[in-house]
Amino acid sequence: MTIPMEFQHASEDFERFLADARDLAGLATRNQTYTMVQAVLQVFRRRLAVKEAIRFANALPPVLRALFVTDWDVDEPRLPFADRAAMTREVQAVRRHHNFAPDSSIRDVAAALRRHADGAGLDRVLAELPAAAREFWSA
């Protein structure tokens, strides 16, 4: 079997995703963008059961999938979904002194994800999750 295309071009696809997220958020660098994306994924992940998170991860492009599960403490207490402003503050608190995530960070990452993930597959997974999870990824 040949290597699936999503793996053959994972790095290039991730760079295009970061460029979109950077531009949408008005950030200056890929490092700033990476921190924002990582924080958004972590904030979302904290609100899912492990089974839900794995289903969601499988709908992501390969590098985002890896980023979503990296350094995950599955024993960490699960948090309830909060309003967008509270979750945005949580995003902005990740590596606070190196974090330039704007107030629109969740929306910006969601919009970039919609451009780079299989939208139908993502929607199928989100339909199986709580309504608040779907709201989180609304752009």
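What you are looking at is a predicted structure, and each value in this text was computed from that prediction instead of being measured.

Points about the overall build of the protein
Each helix and strand in the protein was counted, giving nine helices and zero strands. Start at the N end of the protein and walk to the C end: the helices and strands fall as α-α-α-α-α-α-α-α-α. Taking 14 Å as the expected radius of gyration for a compact globule of 139 residues, we find that the protein reaches 14 Å, a close match to that expectation. For the protein, buried positions account for 46% of its 139 residues. The contacts in the protein between residues at least 6 apart in sequence include a share of 67% that link residues at least 24 apart. With the model as given, the accessible surface of the protein reaches about 7500 Å², and the carbon-plus-sulfur share is 54%. The positive charge centre, built from 19 side chains, and the negative charge centre, built from 19, are 2 Å apart in the protein.

Focus on the packing of helix α3 (residues 30-45) against helix α6 (residues 84-93)
Between α3 and α6, the least distance of the axes is 8 Å, while the angle of their chain directions is 130°. Our classification of the angle between α3 and α6 gives oblique. Here the hand of the crossing between α3 and α6 comes out right-handed. Two secondary-structure elements touch here, α3 through M36, A39, V40 and V43 and α6 through M87, E90 and V91. Per-class residue counts for the contact of α3 with α6 are six nonpolar, no polar and one charged.

Quick word on the nonpolar core
Among the nonpolar cores identified, the biggest contains 40 residues, and V37, F56 and W137 are the most heavily contacted of them. Elements with a minimum of two residues in this core: α2 (10-25), α3, α4 (50-57), α5 (62-69), α6, α7 (105-116), α8 (119-127) and α9 (131-136). If you tally residues by element for this core, the top one is α3, at seven residues.

Considerations on empty space enclosed by the protein
Applying the stated rule across the entire model yields one cavity of 30 Å³ or more. In this model, the largest cavity occupies a volume close to 60 Å³. Lining of the largest cavity is provided by A10, D13, F14, F17, P61, P62, V63, L64 and H116. Elements that contribute at least two residues to the lining of the largest cavity include exactly α2 and α5. Residue contributions to the lining of the largest cavity peak at four residues, all from α2. Per-class residue counts for the lining of the largest cavity are seven nonpolar, one polar and one charged.

Let's talk about the packing of aromatic side chains
Here the structure, examined in full by the defined rule, presents nine aromatic pairs. Here the aromatic residues F44, F56, F68, W72, F81, F136 and W137 are joined through ring pairs into a cluster of three or more.

Some details on a nonpolar patch on the surface
On the surface, V50, I54, V69 and V74 cluster together into a nonpolar patch covering about 290 Å² of accessible area. With respect to the helices and strands, V50 occurs in helix α4. On the accessibility criterion, V50 (40% relative accessible area) is partly exposed.

What about the pattern of salt bridges?
In a structure, side chains of opposite charge can pair up when their charged atoms sit close to one another. With the rule as written, the count across this model stands at twelve salt bridges. Of the charged contacts in the structure, one is a salt bridge between E52 and R78, with a shortest N-O distance of 3.2 Å. Taken together, the residues span a long stretch of sequence, with E52 in helix α4 and R78 in the loop between α5 and α6 at a distance of 26 residues. Close ionic contact of R55 with E128 constitutes a salt bridge, the shortest N to O distance being 3.0 Å.

Cut-offs and rules
Residues numbered from 1 in each chain as written. Predicted model: local features only at pLDDT ≥ 70, side-chain atom pairs only at ≥ 80, totals over all residues. Heavy atoms only, no water. Helix = DSSP H or I, 4+ residues; strand = E, 2+ residues; numbered from the N terminus. Rg over C-alpha atoms; globule rule 2.2 N^0.38 Å. Buried < 20%, exposed > 50% of the residue type's maximum accessible area, 1.4 Å probe, protein only. Contact = heavy atoms within 4.5 Å. Areas by Shrake-Rupley, 256 points an atom, 1.4 Å probe, with all protein chains shown as cover. Lys, Arg positive; Asp, Glu negative; His and termini not counted. Charge placed at Lys NZ, Arg CZ, Asp CG, Glu CD. Axes fitted to C-alpha atoms, helices over the stretch in contact; angles between N-to-C directions. Parallel < 35°, antiparallel > 145°, perpendicular 65-115°, else oblique. Left-handed = near helix turned anticlockwise from the far one by under 90°. Nonpolar A, V, L, I, M, F, W, Y, C, P; charged D, E, K, R; others polar. Core = buried A, V, L, I, M, F, W, Y, C linked by side-chain atoms within 4.5 Å. 1 Å grid on protein atoms, 1.4 Å probe; cavity = no way out; pocket = protein on both sides within 12 Å on 5 of 7 lines; lining within 4 Å. Points joined across faces, edges and corners; volume = space filled by probe spheres on them. Phe/Tyr/Trp six-rings, centres within 6.5 Å; stacked < 30°, edge-to-face > 60°. Patch = residues over 30% accessible without salt bridge, like charges linked within 9 Å, V, L, I, M, F, W, Y side chains within 5 Å. Salt bridge = Lys/Arg side-chain N within 4 Å of Asp/Glu carboxyl O.

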